[in-house]
Amino acid sequence: MNDNWNATRLPDLTGRTAVITGANSGIGFVAAEALARAGAHVVFAVRDLARGGAAAAKVSGSTEVRRLDLADLDSVREFAAGWDRPLDVLINNAGVMMLPEQRTKQGFEMQFGTNHLGHFALTNLLLPYVTDRVVTVASGAHRFGDGVISFEDVNLHGRYTPTRAYAQSKLANLLFTLELQRRLTEAGSPVRALAAHPGWAATNLQSHHANPLMRGAMGVGNRLFAQSDKAGALPTLYAASQDLPGASYVGPAGLGEMRGAPTLVGRSAAASDPAAARRLWTLSEELTGVEWALKPVSRS
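Report on the accompanying structure. (Residues numbered from 1 in each chain as written. Predicted model: local features only at pLDDT ≥ 70, side-chain atom pairs only at ≥ 80, totals over all residues. Heavy atoms only, no water.)

A few words now on unusual backbone geometry. In the Ramachandran plot, L156 falls in the positive-phi region, its phi being about 55° despite a non-glycine side chain. You can see L156 is positioned in the loop between β5 (130-137) and α5 (162-186). Located in the positive-phi region is A247, a residue other than glycine, with phi close to 75°. As for its position among the elements, A247 is in the loop between α8 (234-241) and β7 (249-252). A relative accessible area of 15% means that A247 is categorised as buried. (Helix = DSSP H or I, 4+ residues; strand = E, 2+ residues; numbered from the N terminus. Buried < 20%, exposed > 50% of the residue type's maximum accessible area, 1.4 Å probe, protein only.)

Encoded structure:
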């Protein structure tokens with residue numbers, strides 16, 4: 001951990017390309033701005049092209065905007081089908097948080113479908129082009145809810161609560177990173193899978209809570225306790241740019257991992273379970289119809 005690390009410490013990224021999902025707002029926008037300023041070509045992968053274009057226009061550097069709706073696997077496939085060049089860094093940043101119960105276009109619970117399944121499919125479809133790393137934004141909330149993946153019913157029929165669903169999706173992000181790194185290593189790939197979380201960062205993500213009282217409480221908390229979106233983006237930027245081991249998890253160094261300089265942090269036992277990670281991967285392949293693209297290196 002380096003107390004002084006911030007976005008000005010990014011290396012020269014000239015010639016590198018980064019795709020950031022949900023780059024039009026929050027920590028995704030801050031990360032996009034910082035990477036572009038460091039010389040990277042940044043692709044804003046966003047659901048709303050008008051909002052994405054308006055955000056990209058504020059950035060000094062090389063950018064482009066492409067449509068991607070993670071809640072629609074057809075949109076994910078369309079985005080990936082249009083990609084035809086090397087991709088240095090994929091940042092799976094976009095997410096929804098503690099919504100009223102909803103479904104994706106394919107009928108999955110919205111938080112699991114968007115935060116995990118959409119990114120699972122996107123990563124696997126783009127992986128043949130990725131040259132350096134995949135960074136997935138998780139959350140300390142992976143410890144909340146049931147603390148495990150509800151494998152028999154990931155859509156939480158009859159058991160849905162905003163917190164339970166969000167926690168499950170964030171736990172899935174970490175298990176996905178764990179199994180992705182295992183598979184990359186097995187395939188002899190130099191690509192690394194990493195995860196990051198922003199701590200408590202003041203963004204518009206909290207404004208969609210299903211409970212109006214919780215929305216109000218989170219708004220007060222944002223004003224009184226949260227760190228800025230610029231500080232919240234630092235773990236993502238650190239994971240996207242520093243020489244870290246595969247499967248590393250980066251978060252704030254302060255009390256409760258709520259704020260502070262980026263550093264390697266721990267995760268729950270459930271998020272470290274290789275058997276659960278493999279089971280989730282298999283289930284995700286079945287649900288999305290997207291399979292692992294890289295083959296193991298021959299040992300003969």
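On we go from here.
Between α5 and helix α9 (residues 274-288), the least distance of the axes is 8 Å, while the angle of their chain directions is 95°. Between α5 and α9, the interaxial angle falls into the category roughly perpendicular. Within the contact between the two elements, α5 uses A172, L175, F176, L178, E179, L180, R182 and R183 and α9 uses P274, A276, A277, R278, L280, W281 and E285. (Axes fitted to C-alpha atoms, helices over the stretch in contact; angles between N-to-C directions. Parallel < 35°, antiparallel > 145°, perpendicular 65-115°, else oblique. Contact = heavy atoms within 4.5 Å.)

Here we come to the packing of aromatic side chains. Tallied over the entire structure, the rule returns 6 aromatic pairs. Ring centres of W5 and Y238 lie 5.0 Å apart, and the angle between their planes is 85°; on these two criteria the pair is classed as edge-to-face. Linking W5 in the segment before β1 (17-21) with Y238 in helix α8, this pair joins segments that are 233 residues apart in sequence. The exposure class assigned to Y238 is buried, which follows from its relative accessible area of 14%. Each ring, one from F120 and one from W281, has its centre 4.8 Å from the other, and the planes form 75°; the classification is edge-to-face. Taken together, the positions of F120 in helix α4 (residues 110-126) and W281 in helix α9 put the pair 161 residues apart, joining distant regions of the chain. Each of the two residues, F120 as well as W281, counts as buried. (Phe/Tyr/Trp six-rings, centres within 6.5 Å; stacked < 30°, edge-to-face > 60°.)

Once that is clear, we can look at α4. Between its first and last C-alpha, α4 extends 22 Å over 17 residues, near the 24 Å set by a 1.5 Å rise per residue. Within α4, the axis deviates most sharply at L117, by approximately 30°. Two or three places before Q111, at the start of α4, stands the capping residue E109, its side-chain oxygen 2.8 Å from that residue's backbone nitrogen. (Expected span 1.5 Å × (residues − 1). Bend = angle between axes of the 7 residues up to and from the residue. Polar contact = N/O pair within 3.5 Å; in protein donor to acceptor, adjacent residues only side chain to side chain.)

This part takes up the pairing of β7. If a strand is regular, its side chains alternate between the two faces of the sheet. Relative to β7, strand β6 (residues 192-196) is paired through 2 bridges, and the arrangement is parallel. Bridging across to β7, A196 finds its partner in V250. Inspection of the sheet shows β7 paired to strand β8 (residues 262-264) by 3 bridges, in the antiparallel sense. Paired with G251 across the bridge in β8 is T263. (Pairing = 2+ DSSP bridges.)

Now for the packing of α4 against α5. Two numbers describe how α4 lies on α5: the axes approach to 7 Å, and their chain directions differ by 20°. Relative to α5, the element α4 is oriented roughly parallel. Along the contact surface, α4 presents Q111, F112, N115, H116, H119, F120 and T123, while α5 presents P162, A165, Y166, Q168, S169, K170, A172, N173, F176 and L180. Among the residues forming the contact of α4 with α5, the class breakdown is 8 nonpolar, 8 polar and 1 charged. (Nonpolar A, V, L, I, M, F, W, Y, C, P; charged D, E, K, R; others polar.)

In total, this model carries 16 salt bridges according to the counting rule given. With a closest N to O distance of 3.8 Å, R192 and D132 form a salt bridge. Of the two residues, R192 is situated in strand β6 and D132 in strand β5; the sequence distance between them amounts to 60 residues. Residue R192 shares its accessibility class with D132, and that shared class is buried. A salt bridge links R192 to D243; its shortest N-O distance comes to 2.9 Å. Residue R192 is located in strand β6, and its partner D243 is located in the loop between α8 and β7; the two are separated by 51 residues in the primary sequence. Take R192: its relative accessible area is 18%, and that puts it in the buried class. (Salt bridge = Lys/Arg side-chain N within 4 Å of Asp/Glu carboxyl O.)

Such coordinate-based values are descriptive only and should not be taken to indicate function.
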